[in-house]
Amino acid sequence: MTILPATILRAAAGLVLALPLLAAAATDAPGAADCKPGDLPAARYGRRLGPLTEREQAMARTAWKYFENNTQPTGLANAVDNYPSTTMWDTASYLGALVAARELRLITPQQADERLGKLLGALQRLAFFRDELPNKVYHTQTLEKVDYANKPGEIGFSALDLGRLLVWLKIAKERYPQHADAIDRFVLRWKWGHVVDRSGMMFGAVLDKDRNVQYVQEGRLGYEEYSAKGFQLWGIPTELAARPEPYATVPIYCVEVPYDARDPRKFFQHNYVVTESYALDGIEFNWDLASDRDTDDRRHSHAWMADFANRVYQAQENRWRATGILTARSEHQLDAEPYFVYDTVFTDGYAWNTITEPGQYVPQFAAVSLKAALGMWVLWNSPYTDRLFEEVGKYADPGRGFMEGILENGKGPIRAWTANNNGIILESLLFKAQGKLLKWGDASSSLWDRSFAGTPYGGQARTAGTPPPCVRPGAGTPGAAPC
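In this text, all values refer to a predicted model and were calculated from it rather than measured experimentally.

> Go over the overall build of the protein, please, and point to the residues and values.
A count of helical and extended segments in the protein gives 13 helices and 20 strands. For the protein, the residues scored as buried account for 61% of the 483 residues in total. Summed over its atoms, the accessible surface of the protein is roughly 17500 Å², and 52% of this surface lies on carbon and sulfur atoms.

What follows is the structure, encoded as structure tokens:
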């Protein structure tokens with residue numbers, strides 16, 4: 001998702017780390033006695049909705065500064081400060097930031113239109129992986145397909161990244177119909193046969209050691225269902241990917257936290273439980289179904305998603321109440337090796353497990369993720385998220401944007417600046433100002449609609465190719481393992 005030079009990566013239950021800088025005062029953390037099994041206050045918390053205060057508006061300006069510094073003449077924005085590379089996930093974060101900057105009047109509509117036009121022009125010029133779909137990584141200055149070291153070459157595509165990009169292309173299309181045809185022209189280039197199969201399962205593409213393409217099932221609980229909504233917004237059926245099953249729950253600080261029940265040892269994918277996917281679903285969709293046009297932010301038509309989000313949040317608040325450790329867990333960048341970690345509520349059998357993509361346990365990099373903290377603040381109006389908000393405000397550079405996070409061990413902030421972090425912070429502030437970010441426009445026909453007149457939007461997804469085999473990443477033989 002987020003990329004850093006030469007790399008792109010995406011524990012014990014109740015673990016308590018020393019935290020001199022982030023530990024709450026005893027009067028602020030009532031203690032474990034207040035943790036009651038089965039109680040879920042998060043389900044009763046309201047949202048933070050209303051005009052931004054002067055302080056919040058200043059935070060938005062700071063987050064936007066990252067994109068002022070990192071947007072290239074091509075129209076793409078760097079995923080990491082001053083490093084000319086990006087992914088489709090990070091491009092979606094830039095698009096979300098651009099929409100927020102326009103709506104919050106950080107830039108004029110004319111400036112926003114110019115930026116959006118350049119971005120869409122860049123997307124239209126991208127060469128695709130095997131002429132199918134956008135490559136995982138691009139050089140932001142040359143628009144070349146690149147590998148993780150930012151060297152020319154194609155390496156596959158990510159269904160999760162593409163799903164998030166489809167969400168933001170749809171939001172921009174509905175809000176700004178003058179750009180609808182340009183957005184549609186880009187998406188009409190996509191070939192859907194290998195990214196979604198006939199059952200509605202999502203697949204990414206990777207290259208094996210012989211440079212042969214492997215199409216592998218992609219996504220775990222939270223991320224998979226969120227990204228599936230992106231495809232659904234364009235009429236591409238993702239029935240299996242959108243289901244929560246198979247899942248199980250694990251008790252963490254009195255909360256039954258849901259996690260993907262597919263065994264990481266068998267399927268070679270970590271089952272990360274983090275804040276980000278649930279927060280994005282809340283901010284962008286209001287935990288509604290993709291087809292839901294209701295504007296009432298108090299109701300959630302995607303009921304299980306709202307419930308799971310509340311549980312992931314509540315475990316983190318309860319951890320703070322029991323230990324005094326401020327907790328806002330998500331994937332985050334680092335400013336030194338290993339550069340990127342998944343900082344989880346639960347993964348691979350352990351609560352509060354911080355790991356690298358290969359699975360190395362690195363508890364020293366556990367942190368309060370600023371994007372997760374601000375997402376929690378707008379979605380759950382509680383005294384705990386008030387505390388998180390106060391911490392977020394301390395770790396910004398007006399000339400660069402918001403830093404990535406604050407290490408739990410008290411060794412200071414993570415001095416990395418990224419598009420994903422600052423983009424999600426801008427999204428969160430826009431949610432406060434406007435509520436659900438997917439705003440449906442009028443019913444006028446777009447190029448996409450005209451191209452599929454008389455047929456389901458997803459017609460090409462069912463005819464563009466045969467269903468891909470479900471295989472282990474790197475297994476080398478199609479059908480080597482079931483999903």
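> Give a description of the confidence of the model for the protein that names residues and reports values.
The share of residues in the protein with pLDDT of 70 or more is 86%, and the mean pLDDT across the chain is 88. Note on residues 1-33: pLDDT under 50 across the span, and 114 contacts to partners over four residues away in sequence or across chains. For residues 457-483, every residue scores under 50 in pLDDT, and the model assigns this stretch 65 contacts once sequence neighbours within four places are set aside.

> Got a sec to walk through unusual backbone geometry? Specific residues and values, please.
In this structure, the amide linkage connecting Glu245 to the following residue, Pro246, adopts the cis form with an omega of 0 degrees. If you trace the backbone, Pro246 turns up in the loop between helix H6 (223-233) and strand S9 (247-252). Of note, the bond from Glu337 into Pro338 is cis; its omega dihedral lies within 30 degrees of zero at 10 degrees. With respect to the element layout, Pro338 can be found in the loop between strand S11 (331-333) and strand S12 (340-343). A positive phi angle, close to 70 degrees, is found at Leu143, a residue other than glycine. According to the relative accessible area criterion, Leu143 is buried, its value standing at 11%. The phi torsion at Asn286 lies on the positive side, around 60 degrees, for a residue other than glycine. Mapping Asn286 onto the fold places it in the loop between helix H8 (275-285) and helix H9 (303-323). When its relative accessible area of 1% is taken as the criterion, Asn286 is described as buried.

> Go over the packing of aromatic side chains with me, naming the residues and quoting the values.
Within the structure shown, the criterion is met by 26 aromatic pairs. What links up through ring pairs into an aromatic cluster is the set Phe128, Phe186, Trp190, Trp192, Phe231, Trp234 and Trp448.

> For the packing of helix H4 (residues 159-175) against H6, give the residues involved together with the corresponding values.
It is at 7 Å that the axes of H4 and H6 come closest, and there the two elements cross at 50 degrees. Considering the angle they form, H4 stands oblique to H6. The handedness of the crossing between H4 and H6 is left-handed. In contact with Ala159, Leu160, Leu162, Gly163, Arg164, Leu166, Val167 and Lys170 of H4, H6 contributes Tyr223, Glu224, Tyr226, Ser227, Gly230, Phe231 and Leu233. Classifying every residue of the contact of H4 with H6 by side-chain character gives nine nonpolar, three polar and three charged.

> How would you sum up the sheet that holds S11? Please name residues and give values.
Pairing is antiparallel across the open sheet formed by three strands, whose spatial order is S11-S12-S15. The two strands at the open ends of the sheet, each matched to only one other strand, are S11 and strand S15 (354-355).

> Tell me what's going on with the environment of Thr62, and back it up with residues and numbers.
Along the chain, Thr62 falls in helix H1 (residues 54-70). Its relative accessible area of 13% is what places Thr62 among the buried residues. Not counting chain neighbours up to four residues away, the residues in contact with Thr62 comprise Ala396, Asp397, Pro398, Gly401 and Phe402.

> Quick rundown of the pairing of strand S10 (residues 255-260)? Include the residues and the values.
When a strand is regular, its side chains alternate between the sheet's two faces. Most of S10 sits out of view: five of its six residues are buried. Note that S9 and S10 share six bridges and pair antiparallel. In the sheet register, Thr249 faces S10, and the bridge partner there is Pro258. Taking the residues that link successive antiparallel strands as the turn, the S9-S10 hairpin has two residues, and the phi of Tyr253 there is positive, at about 50 degrees.

> Could you give an account of the sheet that holds strand S16 (residues 367-369), with specific residues and numbers?
Taken in spatial order, the three strands make up an open sheet running S16-S19-S20, and their pairing is antiparallel. Of all the strands in the sheet, just S16 and strand S20 (413-414) have a single pairing partner and so form its edges. Sheet topology note: the strand S19 (residues 405-407)/S20 ladder contains two bridges and is antiparallel. Across the sheet, residue Ile406 finds its bridge partner in S20, namely Pro413. Sheet contacts for helix H10 (residues 370-379): S16 and S19; angle to S16, the most-contacted strand, approximately 55 degrees.

> Mind laying out helix H3 (residues 109-125), listing which residues take part and the relevant values?
The first and last C-alpha atoms of H3 sit 24 Å apart over 17 residues, in line with the 24 Å expected at 1.5 Å per residue. Looking at H3, one finds that the buried residues are Ala112, Leu116, Leu119, Leu120, Ala122 and Leu123. Angular distribution of buried residues about the axis of H3 spans 155 degrees; they occupy a single face of the element. For H3, the exposed residues set more than 90 degrees away from the buried face come down to Gln110, Glu114 and Arg125. Here the buried face of H3 lies against helix H2 (88-103), H4 and helix H5 (180-187).

> Give me the lowdown on the environment of Ile155, citing residues and values where you can.
Assignment of secondary structure puts Ile155 in the loop between strand S6 (137-139) and H4. A C-alpha to C-alpha distance of 8.3 Å links Ile155 and Lys145, two positions ten residues apart in sequence. If sequence neighbours within four positions are ignored, Ile155 has contacts with Phe129, Asn135, Lys136, Val137, Val146, Asp147, Tyr148, Ala205, Val206 and Leu207.

> An account of the side chain of Asp292 is requested, with residue identities and associated values reported.
Tracing the sequence through the fold places Asp292 in the loop between H8 and H9. With no salt bridge to any partner, buried Asp292 finds its closest opposite charge in Lys436, at an N-O distance of 4.9 Å. Polar side-chain contacts of Asp292 include one of 2.7 Å to the backbone nitrogen of Asp294. Look past the residues within four positions of Asp292 in its chain and what remains in contact with it is Ser301, Lys436 and Trp440.

> Residue-level account of the environment of Arg115, with values.
For Arg115, the location among the structural elements is in helix H3. Each C-alpha atom, one on Arg115 and one on Thr71, is 9.1 Å from the other, the two residues being 44 residues apart in sequence. Apart from the residues lying within four places of it in its own chain, the contact partners of Arg115 are Trp64, Phe67, Glu68, Thr71, Tyr94, Leu98 and Ile107.

> With reference to specific residues and values, describe the pattern of salt bridges.
Summed over the entire model, instances satisfying the criterion amount to 34 salt bridges. When the shortest N-O distance is used, the salt bridge between Arg400 and Asp81 registers 2.5 Å. Within this pair, whereas Arg400 is found in the loop between strand S17 (396-397) and strand S18 (401-402), its partner Asp81 is found in the loop between H1 and strand S3 (85-87), the two being separated by 319 residues in sequence. On the basis of relative accessibility, which here comes to 31%, the residue Arg400 falls in the partly exposed class. Exposure remark for Asp81: the relative accessible area of 19% places this residue in the buried category. With its nearest N and O atoms 2.6 Å apart, the salt bridge here joins Asp294 to Arg299. One salt-bridge network, held together by shared partners, links Asp294, Asp296, Arg298 and Arg299.

What counts and what doesn't
Residues numbered from 1 in each chain as written. Predicted model: local features only at pLDDT ≥ 70, side-chain atom pairs only at ≥ 80, totals over all residues. Heavy atoms only, no water. Helix = DSSP H or I, 4+ residues; strand = E, 2+ residues; numbered from the N terminus. Buried < 20%, exposed > 50% of the residue type's maximum accessible area, 1.4 Å probe, protein only. Areas by Shrake-Rupley, 256 points an atom, 1.4 Å probe, with all protein chains shown as cover. pLDDT = per-residue confidence, 0-100. Contact = heavy atoms within 4.5 Å. Phe/Tyr/Trp six-rings, centres within 6.5 Å; stacked < 30°, edge-to-face > 60°. Axes fitted to C-alpha atoms, helices over the stretch in contact; angles between N-to-C directions. Parallel < 35°, antiparallel > 145°, perpendicular 65-115°, else oblique. Left-handed = near helix turned anticlockwise from the far one by under 90°. Nonpolar A, V, L, I, M, F, W, Y, C, P; charged D, E, K, R; others polar. Pairing = 2+ DSSP bridges. Expected span 1.5 Å × (residues − 1). Arc of directions from axis to C-beta. Lys, Arg positive; Asp, Glu negative; His and termini not counted. Salt bridge = Lys/Arg side-chain N within 4 Å of Asp/Glu carboxyl O. Polar contact = N/O pair within 3.5 Å; in protein donor to acceptor, adjacent residues only side chain to side chain.

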